[in-house]
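# Structural overview
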Amino acid sequence: MSNVTVITHPLVQHKLTLMRKKDASTNSFRRLLGELSTLMAYEVTRDMPLQDVQIETPLETMTGKMIDGKKLVLVSILRAGNGFLDGMLNVVPGARVGHIGLYRDPNTLQPVEYYFKMPSEMEERDIIVVDPMLATGNSAAACVDRLKQLKPRSIKFVCLLAAPEGVATLQKAHPDVPIFTAAIDRELNDHGYILPGLGDAGDRIFGTK
């Protein structure tokens, strides 16, 4: 699986295991996701370009390095992607945020778009798409299809868990988009859920069924 990064940091794996437990409360699941997404953000933003800036320290003038966070857009695939946003914004608070609403047709498992709102001037921006689960990969591929119409500088996809089928689907449709995940699980079941997985991420984040 080229262009896929599995983030194996001990803290990431520890928190992921706690999230997988079926008895994890909504509160603890949400908190752990925020912590985990912050940790993952460090790896995802590792290659972000820097620019030289002149600053004044208490002692003298110097040239420092800074990221232009205003060039970065975090795109949440609604609704579960919103659970990733706060942790990512902890690392890059200057990032803009876009949203795309996609739901999966229960019969075809194909994505249907119902909402799309992005910042302006996307041609100058780098995009990080966030969604906890990369299951069939159909929603992720449809999201990237839509975003590429805006001609951004780059796109990355970040998820908590991925299934081999989802990785294959996204890579086949968009081999140029790097994938970052905390784990690649065994397979999908007949309903398109990741096994062993952690259940429905959206329901567990928001306490719904």
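Residues numbered from 1 in each chain as written. Predicted model: local features only at pLDDT ≥ 70, side-chain atom pairs only at ≥ 80, totals over all residues. Heavy atoms only, no water.

## Quick look at the side chain of Arg204
- Of note, Arg204 is situated in helix α6 (residues 201–206).
- Separated by 2.7 Å, the side chain of Arg204 and the backbone oxygen of Lys21 make a polar contact.
- Residues contacting Arg204, with those up to four places away along its chain left out, are Met19, Arg20, Lys21, Lys22, Ala24, Thr26, Phe29 and Leu198. (Helix = DSSP H or I, 4+ residues; strand = E, 2+ residues; numbered from the N terminus. Polar contact = N/O pair within 3.5 Å; in protein donor to acceptor, adjacent residues only side chain to side chain. Contact = heavy atoms within 4.5 Å.)

## Quick word on the packing of helix α2 (residues 26–44) against helix α3 (residues 82–91)
- Put simply, α2 and α3 touch, their axes get as near as 7 Å, and they point 50 degrees apart. Considering their axes alone, α2 and α3 lie oblique with respect to each other. Judged by the sense of rotation from one axis to the other, the crossing of α2 with α3 is right-handed. Together, Leu33, Gly34, Ser37, Thr38, Met40, Ala41 and Tyr42 of α2 and Gly83, Phe84, Gly87, Met88, Asn90 and Val91 of α3 make up the contact between the two elements.
- Looking at the contact of α2 with α3 residue by residue, the classes come out as 7 nonpolar, 6 polar and no charged. (Axes fitted to C-alpha atoms, helices over the stretch in contact; angles between N-to-C directions. Parallel < 35°, antiparallel > 145°, perpendicular 65-115°, else oblique. Left-handed = near helix turned anticlockwise from the far one by under 90°. Nonpolar A, V, L, I, M, F, W, Y, C, P; charged D, E, K, R; others polar.)

## Some points on a nonpolar patch on the surface
- A surface patch of nonpolar side chains, about 390 Å² in accessible area, is lined by Tyr103, Val112, Tyr114 and Tyr115.
- Tracing the chain through its elements places Tyr115 in strand β6 (residues 111–117). (Patch = residues over 30% accessible without salt bridge, like charges linked within 9 Å, V, L, I, M, F, W, Y side chains within 5 Å. Areas by Shrake-Rupley, 256 points an atom, 1.4 Å probe, with all protein chains shown as cover. Salt bridge = Lys/Arg side-chain N within 4 Å of Asp/Glu carboxyl O.)

## Focus: the layout of surface pockets
- Counted as a void, the largest pocket has a volume near 700 Å³.
- Contributing to the lining of the largest pocket are 30 residues, with Ala80, Arg104, Asp131, Met133 and Asp200 lying nearest its centre.
- When residues of the lining of the largest pocket are traced back to their parent elements, those giving at least two are β4 (72–78), β5 (96–104), β8 (133–134), α4 (138–148), β12 (194–195) and α6.
- Of the residues belonging to the lining of the largest pocket, the class tally is 18 nonpolar, 8 polar and 4 charged. (1 Å grid on protein atoms, 1.4 Å probe; cavity = no way out; pocket = protein on both sides within 12 Å on 5 of 7 lines; lining within 4 Å. Points joined across faces, edges and corners; volume = space filled by probe spheres on them.)

## Examining the UniProt feature "binding site: 5-phospho-alpha-D-ribose 1-diphosphate" (unreviewed entry) in the chain
- The UniProt record marks Arg79, Arg104, Asp131, Pro132, Met133, Leu134, Ala135, Thr136, Gly137, Asn138, Ser139 and Asp200 with the feature "binding site: 5-phospho-alpha-D-ribose 1-diphosphate" (unreviewed entry), using the residue numbering of this structure. Here, the largest pocket is lined by Arg79, Arg104, Asp131, Pro132, Met133, Leu134, Ala135, Thr136, Gly137, Asn138, Ser139 and Asp200 out of the annotated residues.
- Position of Met133 among the secondary structure elements: in strand β8.
- Look at Met133 and you get buried, because its relative accessible area is 17%. (UniProt positions renumbered as here; feature names shortened; annotations may be inferred. Buried < 20%, exposed > 50% of the residue type's maximum accessible area, 1.4 Å probe, protein only.)

## Structural notes on the packing of aromatic side chains
- Throughout the structure, instances matching the rule amount to 1 aromatic pair.
- Seen in terms of ring centroids, Tyr103 and Tyr114 are 6.3 Å apart; in terms of plane orientation they differ by 35 degrees. Their pairing is tilted. Of this pair, Tyr103 sits in strand β5 while Tyr114 sits in strand β6; the two residues are 11 residues apart in sequence, bridging distant segments of the chain.
- When its relative accessible area of 47% is taken as the criterion, Tyr114 is described as partly exposed.
- Just above the ring of Phe116 sits the side chain of Arg146; from NZ or CZ to the centre is 3.8 Å. (Phe/Tyr/Trp six-rings, centres within 6.5 Å; stacked < 30°, edge-to-face > 60°. Lys NZ or Arg CZ within 6 Å of the ring centre and 35° of its normal.)

## Notes on the packing of α4 against helix α5 (residues 164–173)
- At a closest axis distance of 8 Å, the pairing of α4 and α5 adopts a crossing angle of 25 degrees. Considering their axes alone, α4 and α5 lie roughly parallel with respect to each other. The two elements α4 and α5 meet at a crossing, and its hand is right-handed. Every residue of α5 that contacts α4 at Asn138, Ala140, Ala141 and Val144 is listed here: Thr169, Leu170 and Ala173.
- When grouped by side-chain class, the residues that make up the contact of α4 with α5 number 5 nonpolar, 2 polar and no charged.

## Brief notes about the nonpolar core
- Core analysis: the largest hydrophobic core is formed by 36 residues, its most contacted members being Met40, Val158, Leu160 and Leu198.
- Elements with a minimum of two residues in this core: α1 (10–20), α2, β4, α3, β7 (126–130), β9 (154–162), β10 (179–184) and α6.
- By residue number, the principal contributor to this core is α2, which donates 7 residues.
- Sequence-distant contacts of Leu160, that is, excluding residues within four places in its chain, are made with Leu16, Met19, Leu33, Leu36, Met40, Phe84, Asp131, Pro132, Thr181, Ala182, Ala183 and Leu198. (Core = buried A, V, L, I, M, F, W, Y, C linked by side-chain atoms within 4.5 Å.)

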